[in-house]
Amino acid sequence: MFNYYLKLAFNSFKRNPILTGLMIAAIALGIGASMTTITVNYLMSGDPIPEKSSQLFHVQVDSWDPNTGFNDEPNTPPNQLTWTEATNLMAAKKDFRQTAMAKSGAIIQPDNPDINPFEASIRLAFSDFFPMFSVPFQYGNGWDQKADEDRQMVVVLSKETNDKVFGGENSVGKNIVIFGKSFRVIGVLDAWQPLPKFYDVNNGAFDDPEALFMPFYLKQELELPNWGNTNCWKSPEGEGFQAFLQSECINFQMWVELETEQDKQTYLTFLNNYVNDQKELGRFPRPLNNRLLNVMQWMHDQEVVADDAQIMMWLSFMFLVVCLLNTIGLQLAKFSAKSAEIGLRRAVGATKQDLFLQYTVETGAVGLAGGAMGLLLALLGLVGIRHLYGDELNDLATLDSTMIATALLLSLFASVCAGLYPTWRACNIAPASQLKSQ
Amino acid sequence: MLTMTDIKKVYRTDSIETHALRDFNLQVNEGDFVAVTGPSGSGKTTFLNIAGLLETFEEGRFELDGVDISHQNDASRSRLRNQKIGFIFQSFNLIPDLNLFDNVDVPLRYRGFNRQERKKRIENSLEMVGLAKRMKHLPAQLSGGQQQRVAIARALAGEPRFLLADEPTGNLDSNMAQSVMSLLKDINANGTTIIMVTHDAGLATQATRNIHVRDGKVSEMNESLSAKVDMPNAVATDNGPAVALVK
Amino acid sequence: MNEQKERSFFAENWEVGPILRALLRNKVGAILIALQIAFTMTIVVNAIYIIHERSEKMKRPSGIDEANSFYLSSVGFTNDFNTLVTTKKDLNLIRSLEGVVDAIQINAVPMSNSGWSMGLQTQPGAEFDGTGSAVYMVDEHALNTLDVALVAGENFRATDIQTRVASQNHWPDKVIITLAMANRLFPDDGLGALGKTVYINDIEPMIITGIIDKLQAPWVGWDNVENVMLTPEIRDAETSRYFIRTKPGQRDRIMSEVESLLAKSNTGRILRDMRSIDETRVRAYRDNSAMIRILVTVMVILVIVTGLGIVGLASFSVNQRKKQIGTRRALGASQQAIVRYFMLENLLISTVGVVLGAMLTVGLNIVLVDAFSLDPITWYYIPLGMLALWVVGQLAVYGPAKKAANIPPALATRSA
């Protein structure tokens, strides 16, 4: 019977090729537009580290100006930490894993004279950074706690950096000149591209991870420059690099890994106590306002998903609605032309269910065809978006299997919805009504 | 009144030429009630279409009410149809989405009458066919005979000089057919010229003049006597349908 | 009864009443078209409004000679690298090139989206709020290089230029600000700001020695993008950025010349980020231009879809009403009257659609304003949108209406 319905549907398409084409095109365009924007939003709002995103917390303490809050919204603590807080909280070691971080950059001078010196970004972090964020290694490992404390001149290279400087071979144990100093390579990362780059969204939430990773205290030791946002509510007291580190300027991030809700509460209490202690020293002039947000909360707080992407998604949903209204109208028209045929089928004994099934198969087939074409259009749309936004959105404009399945389901759902009312109307044509000749 | 001289009408498809009318000659005088009969394919509908200005013709001369039709363009033929001709169709051709009032209103709109004039004419003509009280009903809510009477009301509302009827009773049972027929005779008695195409010889005898069409040509028969038909007079009364319907 | 009553083409020939009554009996089809028109209008009007907003933003001049300017950075990496010496040598070299108008060292570049900002305030003390301003650290060649004009006061002198070292906190005692910044600081009399003292770092005084007409901060998305100050400083840090203005048409040649010249003159540094201002502008507004292109595409496709939908449904209803149309023709309707019938029918449906659309448009705009802090829509977009959708509907239905008008009147006498 199903095959018979498919055949009938196919006949119907052949009889009304333009109308059917219009319906398929309408669904395809609606699905194509929606899927393109859904994909971008889906990837932008994706969980970069699903296995532990609810256990990783971004640390915020309100060390800001007594007269004005950090931003326009009241009660928002600053988005980064001062050097003082970063180092004090790290020293307290109150949790399972923790890392303070900073972004910097320096020039790499490869030994190979054929490779020109080039500037590379640096992530300064603690040894926990790698296990906390499940960072994959191709060669070697991260450094250990002792390297943190001893401020050892060790470095972990990104895969790209290793490819560039060492031609992709195992460079663990080799030396590399960075910032005019010799560093020992102790690890090389495998391809790693968290989307969004959750651990530091200040400088482009969808940027690539840094080229080099090295112990945090080298910032102070080597006086590495500040990259990324630096915000100060009052200027450093005194001149020079060390004065900057001691100032109220924020340029540092910190993450802690807390496994249970109770761990989190304990850590928050610790933070509050810490801030109260600092208040006694005359710092932290604002009311107590410390926050621990997990990865997804932090992404939401930082509005990682671009407004434009969301606007486009909502507009494209409305676009889909228009396309569906279009399809409903055309389907209705198509079925209304068939009222005589339907009356006849009813007269020769087809039940309402039979007809319902027949026309649902027909609308479903239109929907699937539209969905498949819509998927192609979405691919095209994503190519277009990559083209328009350049490298910025490169990784955000690819279809994965989840999205493909979503697209097909959405189109099937949409077209059956669009076919439901016309089908229902068609099935309710009385058997006798159409038999009288006009 | 209506004069057709040597009218020729050819239907062409890619390969076939059909001579629907050839050397068709006819003179209809004011006040005539002409019944046109003939076997199917004889050209009677083509004649009706040309007489009703629905179709053009290749050769010959056609004068309607003193106007030479051969030189009229589509717009002026539409205007002539609208002003001089009323149509009654076999399948009534009422517009299903419009109520009786709006259906009768259709030709009056094109005529350009103002609102009061249209209202007066619609009410009068629906009154005449005995359906004034059902003005707000849709065609589907009426019986076939009633629908045809609405169509007659529509044809008469513009007070045309000619009434063209195409198998007006073809879709009706005999009782209804007879009542429609007597309505037509009354209309003719009031001075409207009627040309009626029918295949029903019995009906044809009720006209004042019979024309037989065969192979696209006229072969006129004798005038039939229609004076002595003893059907009730189809003048409207306030009590309901003017025509007695047996149902 | 026989004489013709007066004809009034306008009031009487339009069959508004009967069309409406007929439509009410076939609500669903009409409602679907009306809804399509309403949603289309909602999307199109809001999209056009967003496009307008974005393109206005993109049109803002940066104040610099965009077509003939570029910049690049020199980053020293050898231990004996001397930034100050190199910078002075580099600038002399660049300024002496044929085709170069002028060149400076600068810490940031308009529209590059990265730079420095400081607060200036008219009264000293931490309790007073400062007005945020972008800082460009430049020498006395800046006005010429950046192509900005003084509206009051004077340029820096060579003797004003101080050396700024890394992590330095104090500031020079002279500053040049934009007129926009002056108006912000002294709302009553912007030009009167000349010679006044303002405070940086809460308490450090600076005298406004010049006011320039227009110069944008590096961040195009910043609300106060015209708040800018110039300070007379030369930076002694590893990175030294040069901004170069060339004579018209010379930029591309100078760019490659400068790059090879600097690379040869000192091998203890790398050169990076060489970019023309034109390209910088493209990058700065890439999101906006992408959004505009996407919205335009969506709008065009949407209008086509809606238009085709109307064409499809109208053709269909013409097909369904063939007999009716033939009958109307037989009853005296001219071809024009048939066209008019369908156009009018569409106009009535569209009217419902655009009225609904007007409400939805405002509704969506309120949501967008609320959720994405867009500006509220300007009122006249609504009637223009309504008009546009009316036109789209009329254009779409014209074809099918024309087809309907060609249905022969003889169809009326054809049985079944």
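Please read all numbers here as calculations on a predicted model, not as lab measurements. (Residues numbered from 1 in each chain as written. Chains lettered and ligands numbered in written order. Predicted model: local features only at pLDDT ≥ 70, side-chain atom pairs only at ≥ 80, totals over all residues. Heavy atoms only, no water.)

**Q** Explain the overall build of chain B here, please?
**A** From N to C terminus, chain B includes seven helices and ten strands. Expressed as a percentage of the 247 residues in chain B, the buried residues total 57%. Look at the contacts in chain B between residues 6 or more apart in sequence, and 69% of them connect residues 24 or more apart. With an accessible surface of roughly 10500 Å², chain B has 46% of that area assigned to carbon and sulfur atoms. (Helix = DSSP H or I, 4+ residues; strand = E, 2+ residues; numbered from the N terminus. Buried < 20%, exposed > 50% of the residue type's maximum accessible area, 1.4 Å probe, protein only. Contact = heavy atoms within 4.5 Å. Areas by Shrake-Rupley, 256 points an atom, 1.4 Å probe, with all protein chains shown as cover.)

**Q** Could you clarify how one ought to interpret a nonpolar patch on the surface in this entry?
**A** Residue and element names in this part refer to chain C. On the surface, Trp379, Tyr380, Leu384, Leu387, Val391 and Leu395 cluster together into a nonpolar patch covering about 690 Å² of accessible area. For leucine 395, the position within the fold is in helix α12 (residues 381-405). Among the residues examined, leucine 395 registers a relative accessible area of 64% and is labelled exposed. (Patch = residues over 30% accessible without salt bridge, like charges linked within 9 Å, V, L, I, M, F, W, Y side chains within 5 Å. Salt bridge = Lys/Arg side-chain N within 4 Å of Asp/Glu carboxyl O.)

**Q** Is there a simple way to think about the confidence of the model for chain A in this case?
**A** Caution applies to low-pLDDT parts of the model: their predicted coordinates are not meant to be read in detail. Counting all residues, the mean pLDDT for chain A is 87, and 96% of those residues have values of 70 or more. The low-confidence segment residues 434-438 of chain A (pLDDT under 50) makes eight contacts with residues lying over four places distant or belonging to another chain. (pLDDT = per-residue confidence, 0-100.)

**Q** Would you take a moment to explain the nonpolar core for this structure?
**A** One broad rule of soluble globular proteins: the nonpolar side chains tend to lie buried together. The biggest cluster of nonpolar side chains holds 169 residues, and the ones touching the most others in it are Phe129, Phe133 and Trp255 of chain A together with Leu2, Met4 and Phe62 of chain B. The element that contributes the greatest number of residues to this core is helix α11 (residues 307-336) of chain A, accounting for 16 residues. Sequence-distant contacts of leucine 2 of chain B, that is, excluding residues within four places in its chain, are made with Leu26, Gln27, Val28, Ala51, Phe62, Glu63, Leu64, Phe162 and Ile195 of chain B. (Core = buried A, V, L, I, M, F, W, Y, C linked by side-chain atoms within 4.5 Å.)

**Q** Explain the interface of chain A and chain C to me, please; I cannot follow it from the model alone.
**A** Accessible area lost upon the coming together of the parts is a frequently used measure of interface size. Taken together, the contacts link 48 residues of chain A with 46 residues of chain C. Carbon and sulfur atoms make up 69% of the surface buried where chain A meets chain C, a total of about 4300 Å² over both sides. Among the residues of chain A in contact with chain C, Leu315, Met318 and Leu388 of chain A are the three that bury the most area, contributing 14% of the side total. Arginine 54 of chain C serves as the salt-bridge partner of aspartate 308 of chain A, at 2.7 Å between the closest nitrogen and oxygen. (Buried area = accessible area lost by both parts, 1.4 Å probe.)

**Q** Explanation requested: the environment of phenylalanine 77 of chain C in the structure shown.
**A** All names here are of chain C. On the secondary structure map, phenylalanine 77 appears in the loop between β1 (69-76) and α4 (83-95). Judged by relative accessible area, phenylalanine 77 falls into the buried class, the value being 11%. Each C-alpha atom, one on phenylalanine 77 and one on threonine 267, is 9.4 Å from the other, the two residues being 190 residues apart in sequence.

**Q** Honestly, a negative patch on the surface in this entry has me stumped. Any pointers?
**A** Together, Asp72, Glu73 and Glu303 of chain A together with Asp223 of chain C give the surface a local cluster of negative charge. Along the chain, aspartate 223 of chain C falls in the loop between β9 (204-212) and β10 (228-236). Overall, the relative accessible area of 74% leaves aspartate 223 of chain C in the exposed class. (Lys, Arg positive; Asp, Glu negative; His and termini not counted. Charge placed at Lys NZ, Arg CZ, Asp CG, Glu CD.)

**Q** Can you help me understand the interface of chain C and chain B in this one?
**A** The interface is formed by 33 residues belonging to chain C together with 40 residues belonging to chain B. Together chain C and chain B conceal approximately 3400 Å² of surface at their shared face, both sides included; 49% is due to carbon and sulfur atoms. Applying the counting criterion to the chain C and chain B interface returns two salt bridges. Counting across the chain C and chain B interface gives eleven residue pairs in polar contact (both at pLDDT 80 or more). Of all elements in the fold, only α1 (9-13), α2 (16-25), α10 (322-330) and α11 (335-372) of chain C reach the threshold of two or more residues within the side of chain C that touches chain B. Sorting elements by how many residues they give to the side of chain C that touches chain B places α10 of chain C first, with six residues. Of the residues assigned to the side of chain C that touches chain B, the class counts are eleven nonpolar, twelve polar and ten charged. (Polar contact = N/O pair within 3.5 Å; in protein donor to acceptor, adjacent residues only side chain to side chain. Nonpolar A, V, L, I, M, F, W, Y, C, P; charged D, E, K, R; others polar.)

**Q** So what exactly am I meant to see when it comes to the pairing of strand β7 (residues 174-178) of chain C here?
**A** Put simply, side chains in a regular strand alternate between the two faces of the sheet. Residues and elements named next belong to chain C. Counting buried residues along β7, four of its five residues qualify, which places the element largely inside the surrounding structure. Sheet topology places β7 next to β10; two bridges connect them, and they run antiparallel. In the strand pairing of β10, isoleucine 176 is matched with leucine 230. (Pairing = 2+ DSSP bridges.)

**Q** Would you take a moment to explain the packing of aromatic side chains for this structure?
**A** In this description, a pair of aromatic rings is defined by centroid distance and the angle of the planes. As enumerated under the stated definition, the model contains 36 aromatic pairs over all chains in all. Within the aromatic cluster, the residues linked to one another by ring pairs are Phe129, Phe130, Phe133, Phe137, Trp143, Trp192, Phe198, Tyr199, Phe213 and Trp255 of chain A. Above the plane of the ring of tryptophan 171 of chain C lies arginine 164 of chain C, whose end atom (NZ or CZ) is 4.1 Å from the centre. Between the NZ or CZ atom of lysine 196 of chain C and the centre of the ring of phenylalanine 186 of chain C, over which it lies, the distance is 4.9 Å. (Phe/Tyr/Trp six-rings, centres within 6.5 Å; stacked < 30°, edge-to-face > 60°. Lys NZ or Arg CZ within 6 Å of the ring centre and 35° of its normal.)

**Q** Would you take a moment to explain the pattern of salt bridges for this structure?
**A** Two side chains bearing opposite charge may form a pair once their charged atoms approach each other closely. One pass over the full model with this rule turns up 51 salt bridges over all chains. For arginine 21 of chain C, the salt bridge goes to aspartate 102 of chain B, with nearest N and O atoms at 2.6 Å. With one member in each of two chains, arginine 21 of chain C in helix α2 and aspartate 102 of chain B in helix α3 (residues 100-111) form a pair that bridges those chains. Residue class for arginine 21 of chain C comes out partly exposed when judged on its relative accessible area of 32%. Residues arginine 253 of chain C and glutamate 257 of chain C are paired through a salt bridge, measuring 2.7 Å at the closest nitrogen-oxygen approach. On the criterion of helical spacing, the pair formed by arginine 253 of chain C and glutamate 257 of chain C is a turn pair, its members being four residues apart in helix α7 (residues 251-265). You can call arginine 253 of chain C partly exposed: its relative accessible area is 35%. A network of salt bridges, in which partner residues are shared, links Arg123, Lys197, Asp200 and Glu210 of chain A.

**Q** So what exactly am I meant to see when it comes to unusual backbone geometry here?
**A** The general pattern is negative phi for most residues beyond glycine and trans for most peptide bonds. The linkage connecting leucine 195 of chain A with the following residue, proline 196 of chain A, adopts the cis geometry, with an omega of -10°. The phi dihedral of phenylalanine 92 of chain B falls on the positive side, at around 70°, and the residue is not glycine. Of note, phenylalanine 92 of chain B is situated in the loop between β6 (85-88) and α3. Among the residues examined, phenylalanine 92 of chain B registers a relative accessible area of 8% and is labelled buried. The phi dihedral of aspartate 215 of chain B falls on the positive side, at around 50°, and the residue is not glycine. Among the residues examined, aspartate 215 of chain B registers a relative accessible area of 55% and is labelled exposed.

**Q** Explanation requested: the packing of α11 of chain A against helix α9 (residues 286-320) of chain C in the structure shown.
**A** A pair of packed helices is characterised by two quantities: the angle between their axes and the separation of those axes. Put simply, α11 of chain A and α9 of chain C touch, their axes get as near as 10 Å, and they point 10° apart. The angle between α11 of chain A and α9 of chain C falls in the class roughly parallel. Class assignment of the residues belonging to the contact of α11 of chain A with α9 of chain C gives a composition of 17 nonpolar, seven polar and three charged. (Axes fitted to C-alpha atoms, helices over the stretch in contact; angles between N-to-C directions. Parallel < 35°, antiparallel > 145°, perpendicular 65-115°, else oblique.)

**Q** Explain the side chain of lysine 9 of chain B to me, please; I cannot follow it from the model alone.
**A** Residue and element names in this part refer to chain B. Note on placement: lysine 9 falls in strand β1 (residues 2-12). Buried within the structure, lysine 9 lacks any salt-bridge partner; glutamate 55 is the closest side chain of opposite charge, at an N-O distance of 4.1 Å. Once residues within four sequence positions are removed from consideration, lysine 9 is found in contact with Thr18, His19, Ala20, Leu21, Thr46, Ile50, Glu55, Thr56, Phe57 and Glu58.

**Q** Hey, could you run me through the UniProt feature "transmembrane region" (unreviewed entry) in chain A in this one?
**A** Residue and element names in this part refer to chain A. On the UniProt side, "transmembrane region" (unreviewed entry) is annotated at positions that read residues 21-44, 311-335, 356-383 and 403-424 here. For residues 311-335, the end-to-end C-alpha separation is 36 Å, with 100% helix and 0% strand making up the annotated structure. Between the C-alpha atoms that bound residues 356-383 the distance is 40 Å, and the span itself is 100% helix and 0% strand. (UniProt positions renumbered as here; feature names shortened; annotations may be inferred.)

**Q** Where do I start with the sheet that holds strand β11 (residues 239-246) of chain C in this structure?
**A** Adjacent strands of a sheet form backbone hydrogen bonds with each other and so pair up, either parallel or antiparallel. Residue and element names in this part refer to chain C. An order of β2-β11-β1-β12 is seen for the four strands of this open sheet, with the pairing classed as antiparallel. Since the sheet does not close on itself, it has two edges, and those belong to β2 (100-105) and β12 (269-276), each with one partner. Between one strand and the next, the sheet's axes are offset by a mean angle of 20°, whatever the strand orientation. In this structure, β1 lies alongside β11, joined through seven bridges in antiparallel fashion. Its bridge partner being in β11, leucine 72 is matched across the sheet by tyrosine 242. Sheet strands touched by α4: β2, β11 and β12. Its angle to β2, the strand with the most contacts, is close to 170°. Sheet strands touched by α7: β1, β2, β11 and β12. Its angle to β12, the strand with the most contacts, is close to 170°.

**Q** Please clarify how the domain arrangement of chain A should be interpreted in this entry.
**A** Each assigned domain of chain A is listed here: domain 1 (2-45 + 306-427) and domain 2 (56-301). If you average the C-alpha positions of domain 1 of chain A and of domain 2 of chain A, the two centres end up 48 Å apart. (Domains from an automatic or database assignment.)

**Q** What should I look at first to understand the sheet that holds strand β4 (residues 59-64) of chain B in this one?
**A** Residue and element names in this part refer to chain B. Ordered by their spatial adjacency, four strands build an open sheet running β2-β1-β4-β5, and the pairing between neighbours is antiparallel. Among the strands making up the open sheet, the edge pair consists of β2 (17-28) and β5 (67-68). Sheet topology places β1 next to β4; five bridges connect them, and they run antiparallel. Its bridge partner lying in β4, threonine 3 is registered against glutamate 63. The strands that helix α1 (residues 44-51) touches are β1, β2 and β4; relative to β1, the one it contacts most, it runs at about 120°.

**Q** Sorry if this is basic, but what is going on with the confidence of the model for chain B here?
**A** Residues and elements named next belong to chain B. Per-residue confidence for chain B gives a mean pLDDT of 84; residues scoring 70 or more make up 89%. Of all helices and strands in chain B, the one with the weakest mean pLDDT is strand β10 (residues 217-220) (80), whereas strand β8 (residues 193-197) scores best (93). A low-confidence stretch, residues 224-247 (pLDDT under 50), is modelled with 41 contacts involving residues beyond four sequence positions or located in other chains. Across the interfaces of the predicted complex, the ipTM metric reaches 0.84, alongside a pTM of 0.83.

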